[in-house]
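# Descriptive structure summary
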Amino acid sequence: MSHVSKTNNVTIPELQRRAAAGEKLVMVTAYDAVTARIADAAGVDILLVGDSVGNVCLGFENTLPVTMAMMNHHLEAVARTRPHAFLVADLPYLSYDLGLEEAVRNAGGFIQRGAQGVKLEGGAKRVPVIQALVAAEIPVMGHLGLTPQALHRMGGYKIQGRAGKDAVELVEDALRLQDAGCFCVLMEGIPADLAARVTRELDVPTIGIGAGPGCSGQVLVFHDIVGLGQDQPPKFVRVYMNAFEQIRAALAEWGEDVRTGSFPAQQESYLLPKDAKESLDRWHPANPGAPALLEVLGA
Ligand code: KIV
């Protein structure tokens, strides 16, 4: 386990103060050192090592196969970059449902690996686990609405909270999460007016994804923003570039340069010093007096 402790980066009090002052918070997923460095350089406030790593990077159909070992591996890569952004890691499916002790051990392991908070999915039924984590000084971000780990119960990735009773339940769940000690509540895939109402009811910040503009902040999946995600991104995604096409074109151009012999050129090659070149040119297997090739090369 790599133990990373950070100083001088975004903190919970700062996030809460800025949200209370009406400043929108910016959160994005990061799954490795490259995406973490890019997102941090772009000035995001919160990095999320999401369990979406399963479907975005690891080729799974959904987040359910993601394990603690996988999450730890990706969190460690992100944490090693020591981002300025506040760092949150997602507790994966079954990592916080099999007893409070195991949940604290798993979430505490994230903190020891450099996360500053953990995120878990679900409403009022998660209150005991949230309280146990908070008691162990582990900051918790709640996650309500469309919760991908409940994919089968929801019958697919469907917008939640549309019926009156579900909308009311979601507001009540959000209040329960706040009372249990969540420092922030993320809402996914719910009507914009419901998310705005929750945001007004809570004292802690809210982060939305597919939840309209009325939240304290927004999160998207890194790969979706840059065009490395699904062919048909969901309605709530705004795609800012087609990185898939740009990267494909760059690789195809390089492949063509290799095939035509124009890569590598002199500027991409190392040359022998003049005297070594002369010795090498003099050397021939039939001339035993000449220095050996490896000697000439300094090996
Ligand atoms: O894992 C994830 O990417 C999430 C999203 C809500 C951002 O939890």
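Data block above holds the structure.
Residues numbered from 1 in each chain as written. Predicted model: local features only at pLDDT ≥ 70, side-chain atom pairs only at ≥ 80, totals over all residues. Heavy atoms only, no water.

### Things to note about the overall build of the protein
On a plain count of helices and strands, the protein comes out with 13 helices and eight strands. Against the compact-globule benchmark of 19 Å for 299 residues, the protein has a radius of gyration of 25 Å, which places it well outside the compact range. Here the protein holds 299 residues, and 47% of them are scored as buried. The contacts in the protein between residues at least 6 apart in sequence include a share of 58% that link residues at least 24 apart. Split by element, the accessible area of the protein, about 15900 Å² in all, is 55% carbon and sulfur. Here the protein holds 26 positive side-chain charges and 34 negative ones, and the gap between their average locations is 3 Å. (Helix = DSSP H or I, 4+ residues; strand = E, 2+ residues; numbered from the N terminus. Rg over C-alpha atoms; globule rule 2.2 N^0.38 Å. Buried < 20%, exposed > 50% of the residue type's maximum accessible area, 1.4 Å probe, protein only. Contact = heavy atoms within 4.5 Å. Areas by Shrake-Rupley, 256 points an atom, 1.4 Å probe, with all protein chains shown as cover. Lys, Arg positive; Asp, Glu negative; His and termini not counted. Charge placed at Lys NZ, Arg CZ, Asp CG, Glu CD.)

### Regarding the site of the ligand
Surrounding the ligand, one finds 13 residues, the nearest of these being Gly-50, Asp-51, Ser-52, Asp-90 and Lys-119. In the environment of the ligand, an oxygen atom lies 3.1 Å from a nitrogen or oxygen atom belonging to the side chain of Asp-51. Side-chain polar atom of Ser-52 to an oxygen atom of the ligand: 2.5 Å apart, as the coordinates give it. Coverage of the ligand by the protein chains reaches 95% of its 250 Å² of free accessible surface. (Near = heavy atom within 4 Å. Polar contact = N/O pair within 3.5 Å; in protein donor to acceptor, adjacent residues only side chain to side chain.)

### Side note on a nonpolar patch on the surface
On the surface, a cluster of nonpolar side chains totalling about 390 Å² of accessible area is made up of Leu-228, Phe-244, Ile-247 and Leu-251. Following the sequence through the fold, Phe-244 ends up in helix H11 (residues 243-260). (Patch = residues over 30% accessible without salt bridge, like charges linked within 9 Å, V, L, I, M, F, W, Y side chains within 5 Å. Salt bridge = Lys/Arg side-chain N within 4 Å of Asp/Glu carboxyl O.)

### A few points about the sheet that holds strand E5 (residues 140-145)
Taken in spatial order, the eight strands of this closed barrel run E1-E2-E3-E4-E5-E6-E7-E8, and their pairing is parallel. The sheet shows a mean angle of 25 degrees between the axes of neighbouring strands, taken without regard to direction. In this structure, strand E1 (residues 25-29) lies alongside strand E8 (residues 217-220), joined through four bridges in parallel fashion. The residue of E8 that forms the bridge with Leu-25 is Gly-217. Lying over the sheet, helix H6 (residues 127-135) contacts strand E4 (117-121) and E5, oriented at roughly 175 degrees with respect to E4. (Pairing = 2+ DSSP bridges. Axes fitted to C-alpha atoms, helices over the stretch in contact; angles between N-to-C directions.)

### Considerations on the packing of H6 against helix H8 (residues 164-180)
Contact geometry of H6 with H8 gives a least axis separation of 9 Å together with a crossing angle of 25 degrees. With respect to each other, H6 and H8 are oriented roughly parallel. Along this stretch, H6 crosses H8, giving a crossing that reads as right-handed. Contacts from Val-127, Ile-130, Gln-131 and Val-134 of H6 reach H8 at Arg-176, Leu-177 and Ala-180. (Parallel < 35°, antiparallel > 145°, perpendicular 65-115°, else oblique. Left-handed = near helix turned anticlockwise from the far one by under 90°.)

### Structural notes on the pairing of E8
Relative to E8, strand E7 (residues 206-209) runs parallel, the two sharing two bridges. The residue of E8 that forms the bridge with Gly-208 is Gln-218.

### So, the pairing of E5
With six of six residues buried, E5 is to be regarded as a mostly interior element. Tracing the backbone out of E4, into H6 and back to the parallel element E5 gives a crossover that is right-handed. (Right-handed = clockwise from strand over helix to strand, strands pointing away.)

### Remarks on the packing of aromatic side chains
Counted according to the given criterion, the structure contains two aromatic pairs. A ring pair is formed by Phe-86 and Phe-183, whose centres lie 5.6 Å apart and whose planes are at 65 degrees; its orientation type is edge-to-face. Of this pair, Phe-86 sits in strand E3 (residues 86-90) while Phe-183 sits in the loop between H8 and strand E6 (184-188), and the two are 97 residues apart along the sequence. Residue Phe-86 is classed as buried on the basis of its relative accessible area of 2%. For Phe-183, a relative accessible area of 6% gives the class buried. (Phe/Tyr/Trp six-rings, centres within 6.5 Å; stacked < 30°, edge-to-face > 60°.)

### Focus: the pattern of salt bridges
Charged atoms that come close allow side chains of opposite charge to pair. Considering all chains together, one arrives at 13 salt bridges under this definition. Measuring nitrogen to oxygen at the nearest pair gives 3.0 Å for the salt bridge that ties Glu-14 to Arg-18. Pair noted here: Glu-14 and Arg-18 are both in helix H1 (residues 12-20), with a separation of four residues, about one helical turn. As a salt-bridge pair, Arg-248 and Glu-245 come within 2.9 Å of each other at their nearest N and O atoms. Residue Arg-248 and its partner Glu-245 are both found in helix H11; the two are separated by three residues, about one turn of the helix. Residues participating in the shared-partner salt-bridge network are Glu-14, Arg-18, Glu-23 and Asp-45.

By themselves, these figures tell us nothing about what the structure is for.
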